[in-house]
Amino acid sequence: MKDFGTSSDPAVQAQLDRLAALSVPQGRLGLETIRALLARLGDPHLALPPVFHVAGTNGKGSTCAFLRAMLEAQGHRVHAATSPHLVRYNERIRVAGELIPDARLAELLAKVLDTGSDLAPSFFEVTIAATFLEFTRVPADACVVEVGLGGRFDATNVIPEPVACGIAALGIDHERFLLAPDDDVPAEPLARIAFEKAGIAKPGVPLVTFDYPPQAATAVERVANRVGAPTFALGADGGWSANVAEDHIAYADAQGTLSLPLPTLPGRHQAFNAVLAVALLRHQQALSVSSEAMAAGIRTARWPARLQRLAPGPLTGEREAWLDGGHNPSAGASLAEHFAGQRLHLVIGMIEGKNPMALVAPLAPSIASLTAVPVPDHDHYPPEAFGEIARGAPDVIAALAALPDDDLPVLIAGSLYLAGEVLRLNDEWPD
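Source: prediction; values computed, not measured.

What counts, and at which threshold
Residues numbered from 1 in each chain as written. Predicted model: local features only at pLDDT ≥ 70, side-chain atom pairs only at ≥ 80, totals over all residues. Heavy atoms only, no water. Helix = DSSP H or I, 4+ residues; strand = E, 2+ residues; numbered from the N terminus. Rg over C-alpha atoms; globule rule 2.2 N^0.38 Å. Buried < 20%, exposed > 50% of the residue type's maximum accessible area, 1.4 Å probe, protein only. Contact = heavy atoms within 4.5 Å. Areas by Shrake-Rupley, 256 points an atom, 1.4 Å probe, with all protein chains shown as cover. Pairing = 2+ DSSP bridges. Phe/Tyr/Trp six-rings, centres within 6.5 Å; stacked < 30°, edge-to-face > 60°. Core = buried A, V, L, I, M, F, W, Y, C linked by side-chain atoms within 4.5 Å. Lys, Arg positive; Asp, Glu negative; His and termini not counted. Salt bridge = Lys/Arg side-chain N within 4 Å of Asp/Glu carboxyl O. pLDDT = per-residue confidence, 0-100. Axes fitted to C-alpha atoms, helices over the stretch in contact; angles between N-to-C directions. Parallel < 35°, antiparallel > 145°, perpendicular 65-115°, else oblique. Left-handed = near helix turned anticlockwise from the far one by under 90°. Nonpolar A, V, L, I, M, F, W, Y, C, P; charged D, E, K, R; others polar.

Draft legend 1. Up close: the overall build of the chain. Secondary structure assignment for the chain yields 14 helices and 17 strands. The C-alpha atoms of the chain give a radius of gyration of 21 Å, which matches the 22 Å a tight globule of 431 residues would have. Across its three principal directions, the C-alpha atoms of the chain cover 55 × 50 × 45 Å. Relative to its full complement of 431 residues, the chain shows a buried share of 57%. Here the contacts in the chain between residues at least 6 apart in sequence split such that 73% fall between residues at least 24 apart. Of the roughly 17600 Å² of accessible surface on the chain, 51% is carried by carbon and sulfur atoms.

Draft legend 2. Structural detail: the pairing of strand β15 (residues 367-372). Of all 6 residues in β15, 5 are buried; the element is thus mostly enclosed. With 5 bridges joining them, strand β14 (residues 344-348) and β15 adopt parallel strand pairing. Across the sheet, the residue bridging to L346 is L370, located in β15. Inspection of the sheet shows β15 paired to strand β16 (residues 390-392) by 3 bridges, in the parallel sense. Of the residues in β16, the one forming a bridge with L370 is A390.

Draft legend 3. Up close: the sheet that holds strand β5 (residues 142-146). If you walk across this open sheet you meet the 8 strands as β4-β3-β2-β5-β1-β6-β7-β8, and the pairing is mixed. In this open sheet, the two strands that pair with only one neighbour each are β4 (98-99) and β8 (231-233). As paired strands, strand β6 (residues 164-167) and strand β7 (residues 207-209) are joined by 3 bridges and run parallel to one another. What sits directly across from C165, in β7, is L207.

Draft legend 4. Structural view of the packing of aromatic side chains. Under the counting rule described, the total for this entry stands at 5 aromatic pairs. Consider the rings of Y381 and F386, whose centres lie 6.3 Å apart with planes at 80°: the pair is edge-to-face. The residues Y381 and F386 share a single accessibility class, namely buried. Of the aromatic side chains, those joined through ring pairs into one cluster are F210, W240 and Y251.

Draft legend 5. Seen up close, the environment of L400. Residue position: L400 is located in helix α13 (residues 396-401). Each C-alpha atom, one on L400 and one on H345, is 9.3 Å from the other, the two residues being 55 residues apart in sequence. For L400, the contacting residues outside a window of four places in its chain are L315, V347, V410 and I412.

Draft legend 6. How the structure looks around the nonpolar core. With 66 residues, the main nonpolar core has F52, L71, W240 and L260 as its most contacted residues. With 10 residues, helix α9 (residues 268-282) is the largest single contributor of residues to this core.

Draft legend 7. The arrangement of the sheet that holds strand β12 (residues 308-309) in detail. Taken together, the 6 strands give an open sheet; going across it, the order is β12-β13-β17-β14-β15-β16, and neighbouring strands pair in mixed fashion. Each edge of the open sheet carries a strand with a single partner, namely β12 and β16.

Draft legend 8. Broad picture of the environment of E384. Checked against the element boundaries, E384 lands in the loop between β15 and β16. Sequence separation between E384 and V158 is 226 residues, and the spatial gap between their C-alpha atoms is 43 Å.

Draft legend 9. Main features of the side chain of D154. Structurally, the position occupied by D154 is in the loop between β5 and β6. Here D154 sits buried without a salt bridge, and the closest side chain of opposite charge, K60, lies 8.3 Å off (N-O distance). Here D154 is in contact with L31, F124, V147, G148 and L149, once residues within four sequence places are set aside.

Draft legend 10. Broad picture of the confidence of the model for the chain. Across the chain, pLDDT averages 93, with 95% of residues at or above 70. Under a pLDDT of 50 for its full length, residues 174-181 has, in the predicted model, 17 contacts with residues more than four places off or in other chains.

Draft legend 11. Molecular detail of the environment of H45. Turning to its location among the elements, H45 is positioned in the loop between α2 (32-40) and β1 (51-55). Along the sequence, H45 and R35 sit 10 residues apart, while their C-alpha atoms lie 9.2 Å from each other.

Draft legend 12. Broad picture of the pairing of β1. Of all the 5 residues making up β1, 5 are buried; the element is thus mostly covered by neighbouring parts of the structure. Because side chains alternate across β1, one face comprises the buried residues V51, H53 and A55, and the other comprises F52 and V54, equally buried. Two strands pair when backbone bridges link them, and β1 and β5 are joined in this way by 4 bridges, in the parallel orientation. Each residue of the ladder has a partner; that of H53, found in β5, is V145. Where β1 lies against β6, 4 bridges are found, and the strand directions are parallel. In the strand pairing of β6, H53 is matched with C165.

Draft legend 13. Spatial organisation of the packing of helix α4 (residues 102-115) against helix α5 (residues 123-137). It is at 9 Å that the axes of α4 and α5 come closest, and there the two elements cross at 120°. By the angle between their directions, the pair α4 and α5 is classed as oblique. In this structure, the crossing between α4 and α5 has a hand that is right-handed. Contacts from R104, L108, L109, K111, V112 and L113 of α4 reach α5 at V126, A129, A130, L133, E134 and R137. For the contact of α4 with α5, the residue count by class is 8 nonpolar, no polar and 4 charged.

Draft legend 14. Structural context of the pattern of salt bridges. Evaluated as defined, the whole model comprises 13 salt bridges. Between R137 and E134 there is a salt bridge whose closest N-O contact spans 2.9 Å. Here R137 and its partner E134 are both found in helix α5, 3 residues apart, which amounts to about one turn of the helix. Each member of the salt-bridge network shares a partner with another, and the members are R104, E107, E134 and R137.

Take a look at the structure:
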């Protein structure tokens, strides 16, 4: 599957068409291609502003959103690299607080594609090379960089000296890529995931993490020790702690304690993503960020398609509707916690290769009806994959139109690709 998109700008679309033709050669792992491509472009990854590098199965994008909001609340100019995009490819490259404009994007992609045509780079390698090149052209105080897939062999992992690295929540996902047999890494699935994510650790660079089950925690610790990265884990001796109360977050580390507000982003898990961002800022020395700016960032951070309450619009009308792009058991657990004690209509679309019951099973006590829809431009599961109560609809428009006229909310979930289509149809384009 390719994460390519479409654009109303013909010049951008011409380059996106070139990107869509790229693929990863079977069996190719490593950073050699991205390093070669960056070398031809003048090694922009060696001239970036201070970088915060964040990996994880769930929550890494939200953590990056909180980081950016906190840094900007302090007055810093921030570049941000995130993936995938929801509606427009431009969302992947945020330059000093603004999405990259079409004219510059077309020029930038053309330059990178022309420069590396004989290297057979992947879609993501071209994207990251273009992103880093642009980040060195425009002055900024910091970069927030989200890992795309895994960590060890992710194209973002060429950054030699980030100011801090973080690992968000871990779970089983992308098994085809991260759970391949390898004698040099743990065999237990979650430990293998942890090993791959911890591959972003760098010598002398703080590695800030959540607390994980023992096998995963051991895998992270071994990688960090091998490269010489000081590790600061939630709840560990010498690490940091956080308690999410009804009306605030109590945070503590070696520097002292903070009382922080709860995020505007819904879901208890977002409070922990917020404090992971706080811990990352508190364990680095390159940039000063006050507790007031951290609090302001927690309040103002936005991250579309992650338990997002949709506005009244062309798709939703006046109905209460929620959108979430989660597609693994960890996401299912978070959704189930948020909707506990409520009834809802679930509209789900999930690409093949995921666990079709990852959301349905934990949400089962809340599901009043279940409608399966296609994921645009992707192979997806049919209704029967989601259980006996599932029915099908040709698209999300038809699915919503067929729902009973009642007061129950609707949750649209299962894929970020589906989420992007929903945002487009409801005229809620991420900015």
